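Residue-level structural notes
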Amino acid sequence: MKILVLNAGSSSLKFHLFETDGDAIAAGSDRLLGRGMVDRVSSMKEALERAFAELRPVLGGAPVEAVGNRVVHGGDVFHSSVLVDEEVEKKIEELSALAPLHNPHNLEAIRAARQHLPHAKQVAVFDTAFHHTLPPRAYAYALPYEYMEEKKIRRYGFHGTSHRYVSWRFAQLHGKKRADYRMITCHLGNGCSICAIAGGKSVDTSMGFTPLEGLVMGTRSGDVDAGAILYLITREGKSPDEVLRILNGRSGLKGLSGVSNDMRDVIDAAESGDEHAKLALDVFCYRAAKYIGAYLAAMGGADVLIFAGGIGENSAEARARICAGLGELGIEIDPALNEAAANGDRQIGKSRVQTWVIPTNEELLIARDTWRCIHGVPHE
Ligand code: ADP
């Protein structure tokens, strides 16, 4: 079955075309037929038209039979991937209040895809879904109870598709189930989050009510005292919109280093002696190490630590710095394995808590979920 996977952002659309079915999923022989990104588009309709123009040579007239959509916020409504119908679309629209920067674009992509491919089934795969298993102690903020009950202000977690993929992949490589291990998975890309997985389920994760909480990211701050935000608004006269832009777009590696949101540039600048870049790198790695320590406490230990995402997969430097002080906690990276020029799934530390790099593949998991939803097969 030809499945188009869509990941819609505010001004871009990433697309991947897969050929897969039950046998291919079981054998891991799913095929990526084409991929691309359309940027600076005025509408998703236009973006999809351009995507199809790019895919035409690959498709050769064959129909796209299904569309898998990344949807950022599933709230406490969606616990797994679902076939999109009117009801689902309405719920995603309602959840836009919780994710105004993301869900509207995801919804627009779903609607544009329906116009282009009226006969294709569509599936929504939520960033939050894998974290629906968080226990109340991990998802509750200590705000007045009714804010959680009535206003739905609680921690949801994001990047679920990535944490789910790499944890599944690690277990699969070992002929086991996710539930056989206590895992800490680190997705370090432009956005960054860490997840604690026990009994096969996400039991804690660093992103919260929005994808802003937790780790230092490319342009996002991660954890900041809410009092500092209020200070900016009440004492410095910043508007809420301005603060939102600062926290999401002008903070993180970019804000602290003043150099770039790209980890490669930050490391280069730090190595040439730039003090702000050194600090940015230091805060980034220290924060990640603290969360790893927190999740060891959350699970009473761990069996494996996994790195994924652009930084997690490619930056031996970042991985080494994050793990440098964790020896007493059972995490030690092997420098030779860590620095080896290698791609793909690989072990980089053989201490009590094994350390691995597992390249993530959210698009593949979205394609597989799409097939599984259409055929009523349970998700892994
Ligand atoms: P996204 O979250 O948008 O999918 P990625 O997962 O591609 O982004 O991660 C982007 C980040 O990965 C950037 O900070 C980039 O600097 C970093 N990165 C990519 N390659 C390397 C590398 N070789 N060394 C260090 N960082 C890298």
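This text goes with the structure placed above it.
The sections below set out a description of the structure shown in this document. This one's a predicted model, so the numbers in the text were calculated from it and none came from an experiment.

**A short note on helix H7 (residues 160-173)**
Taking 1.5 Å of rise per residue, the 14 residues of H7 would be expected to cover 20 Å, and the 20 Å separating its terminal C-alpha atoms lies within 8% of that figure. Every buried residue of H7 is listed here: Gly160, Thr161, Ser162, His163, Arg164, Tyr165, Val166, Ser167, Trp168, Phe170 and Ala171. Downstream of H7 by one or two residues, Gly175 has phi in the positive range, about 65 degrees.

**Description of the site of the ligand**
Residues in close proximity to the ligand include Gly189, Asn190, Gly191, Asn261, Asp262, Met263, Arg264, Gly309, Gly310, Ile311, Asn314 and Ser315, which together make up its full environment. Within the backbone of Arg264, one N or O atom sits 3.4 Å away from an oxygen atom of the ligand. Contributing elements (two or more residues each) for the shell around the ligand: helix H11 (263-271) and helix H13 (309-314).

**Some remarks on the pattern of salt bridges**
Counting across every chain of the model gives 19 salt bridges. Notably, a salt bridge pairs Glu89 with Arg114, separated by 2.1 Å at the nearest N-O pair. Of this pair, Glu89 sits in helix H3 (residues 86-94) while Arg114 sits in helix H4 (residues 103-116), and the two are 25 residues apart along the sequence. Residue classification places Glu89 among the buried residues on the basis of a relative accessible area of 10%. Among the ionic pairs, Asp369 bridges to Arg164, the shortest N-O distance being 2.8 Å. Remark: Arg164 occurs in helix H7 and Asp369 occurs in helix H16 (residues 362-375); sequence separation between them is 205 residues. An identical accessibility class is assigned to Asp369 and Arg164; each is buried. One network of salt bridges, in which partners are shared, links Glu89, Glu93, Arg111 and Arg114.

**Some remarks on the packing of aromatic side chains**
A complete count under the given rule lists six aromatic pairs for this structure. Seen from their ring centres, Tyr156 and Phe209 are 6.3 Å apart, and the 40 degrees between their planes marks the pair as tilted. One end of the pair, Tyr156, is in the loop between helix H6 (145-151) and H7; the other, Phe209, is in the loop between strand S9 (201-205) and helix H8 (226-234), with 53 residues separating them in the sequence. A residue is classified by how much of its surface remains accessible, and Tyr156, at 3% relative accessible area, is buried. On the accessibility criterion, Phe209 (23% relative accessible area) is partly exposed. Taking 5.3 Å as the distance between ring centres and 80 degrees as the angle between the ring planes, the aromatic pair formed by Phe170 and Trp356 counts as edge-to-face. One end of the pair, Phe170, is in helix H7; the other, Trp356, is in strand S12 (residues 354-357), and 186 residues separate them in sequence. The two residues Phe170 and Trp356 agree in class, both being buried. The rings of Phe170, Tyr181 and Trp356 are connected pair by pair, giving a single aromatic cluster. In this structure, Arg154 packs its charged tip against the face of Tyr139, placed 3.8 Å from the ring centre.

**Brief notes about empty space enclosed by the protein**
For the coordinates displayed, the defined rule picks out one cavity of 30 Å³ or more. Space inside the largest cavity adds up to approximately 50 Å³. Elements represented by at least two residues in the lining of the largest cavity include exactly H7 and H16. Here the lining of the largest cavity is composed, by residue class, of three nonpolar, no polar and five charged.

**Some details on the layout of surface pockets**
There is about 260 Å³ of room inside the second largest pocket. Taken together, 18 residues line the second largest pocket, and the ones lying closest to its centre are His79, Ser80, Ala129, Phe130 and Arg164. Contributing elements (two or more residues each) for the lining of the second largest pocket: strand S6 (121-126) and H7. Considering every element that reaches the lining of the second largest pocket, the biggest residue donor is H7, with three residues.

Analysis parameters
- Residues numbered from 1 in each chain as written.
- Predicted model: local features only at pLDDT ≥ 70, side-chain atom pairs only at ≥ 80, totals over all residues.
- Heavy atoms only, no water.
- Helix = DSSP H or I, 4+ residues; strand = E, 2+ residues; numbered from the N terminus.
- Expected span 1.5 Å × (residues − 1).
- Buried < 20%, exposed > 50% of the residue type's maximum accessible area, 1.4 Å probe, protein only.
- Near = heavy atom within 4 Å.
- Polar contact = N/O pair within 3.5 Å; in protein donor to acceptor, adjacent residues only side chain to side chain.
- Salt bridge = Lys/Arg side-chain N within 4 Å of Asp/Glu carboxyl O.
- Phe/Tyr/Trp six-rings, centres within 6.5 Å; stacked < 30°, edge-to-face > 60°.
- Lys NZ or Arg CZ within 6 Å of the ring centre and 35° of its normal.
- 1 Å grid on protein atoms, 1.4 Å probe; cavity = no way out; pocket = protein on both sides within 12 Å on 5 of 7 lines; lining within 4 Å.
- Points joined across faces, edges and corners; volume = space filled by probe spheres on them.
- Nonpolar A, V, L, I, M, F, W, Y, C, P; charged D, E, K, R; others polar.

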